[in-house]
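Notes for the structure review
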Amino acid sequence: MKTSVPTYLSMAGLVLIMAALALPVLHIGRDIITWVYAAGAALVLAGRLTSKAPAGASIKLRRLLRIEVWTAFIFVAGAVFLFLPTAAGSGAGNDWIAFTLAGGILTAYTSIMIPRCK
């Protein structure tokens, strides 16, 4: 099976998002984390929006592919929260983690279910 360019874009974006999640452990500044995460979210969005359902795809498969597009938008929402200023000492500023977890759970679900539909 031939892998398409949108799939490579999505995979590269997910790798960048994972790298951005690992950067706080390495004590990298929030500015770098923000830009790496945002670049990953943009790549995932570009990959998901340009991918097409295979000819003759079932309704269930098309639904799962649509969920992947919404997952990309969830990652973009997480990137937006990284760019928002945080109040010192308020504990705010970690909303992006919740969006990343939601996107990760949906990505795991679709990656398990899509091969079962083919």
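Residues numbered from 1 in each chain as written. Predicted model: local features only at pLDDT ≥ 70, side-chain atom pairs only at ≥ 80, totals over all residues. Heavy atoms only, no water.

A pair of packed helices is captured by two measures, namely the crossing angle of their axes and the spacing between those axes. Between helix H2 (residues 30-50) and helix H3 (residues 59-83), the least distance of the axes is 9 Å, while the angle of their chain directions is 160°. When the axis of H2 is compared with that of H3, the two are roughly antiparallel. Once H2 is placed against H3, the crossing between them reads as left-handed. Between H2, through Arg30, Ile33, Thr34, Trp35, Tyr37, Ala38, Ala41, Val44, Leu45, Arg48 and Leu49, and H3, the contact on the second element is made entirely by Glu68, Val69, Ala72, Phe73, Phe75, Val76, Gly78, Ala79, Phe81, Leu82 and Phe83. Among the residues forming the contact of H2 with H3, the class breakdown is 17 nonpolar, two polar and three charged. (Axes fitted to C-alpha atoms, helices over the stretch in contact; angles between N-to-C directions. Helix = DSSP H or I, 4+ residues; strand = E, 2+ residues; numbered from the N terminus. Parallel < 35°, antiparallel > 145°, perpendicular 65-115°, else oblique. Left-handed = near helix turned anticlockwise from the far one by under 90°. Contact = heavy atoms within 4.5 Å. Nonpolar A, V, L, I, M, F, W, Y, C, P; charged D, E, K, R; others polar.)

The subject of this paragraph is the nonpolar core. Grouped together as the largest cluster of nonpolar side chains are 14 residues, with contacts concentrated most on Ile17, Ile33, Tyr37, Val44, Phe75, Ala79 and Trp96. Elements with a contribution of two residues or more to this core: helix H1 (5-22), H2 and H3. Broken down by element, this core gets its largest block of residues, six residues, from H2. Not counting residues up to four positions away in its chain, the partners in contact with Val44 are Leu9, Ser10, Gly13, Leu14, Ile17, Ala72 and Phe75. In terms of nonpolar packing, the next biggest core, distinct from the first, is built from six residues, Ala57, Ile67, Met113 and Ile114 among them. (Core = buried A, V, L, I, M, F, W, Y, C linked by side-chain atoms within 4.5 Å. Buried < 20%, exposed > 50% of the residue type's maximum accessible area, 1.4 Å probe, protein only.)

Quick look at the environment of Val44 now. Checked against the element boundaries, Val44 lands in helix H2. On the basis of relative accessibility, which here comes to 1%, the residue Val44 falls in the buried class.

Note on placement: Thr107 falls in helix H4 (residues 95-117). With relative accessibility at 17%, the residue Thr107 sits in the buried group. A polar side-chain atom of Thr107 sits 2.7 Å from the main-chain carbonyl oxygen of Gly103. Excluding residues that lie within four positions of it along the chain, Thr107 makes contacts with Leu14, Thr71 and Phe75. (Polar contact = N/O pair within 3.5 Å; in protein donor to acceptor, adjacent residues only side chain to side chain.)

Here we come to unusual backbone geometry. Positioned with a positive phi, His27 is a non-glycine residue whose angle comes to about 60°. Considering the arrangement of structural elements, one finds His27 in the loop between H1 and H2. Taking relative accessible area as the criterion, His27 reaches 73% and is therefore assigned exposed.

No statement about biological role is implied by the geometric values presented.
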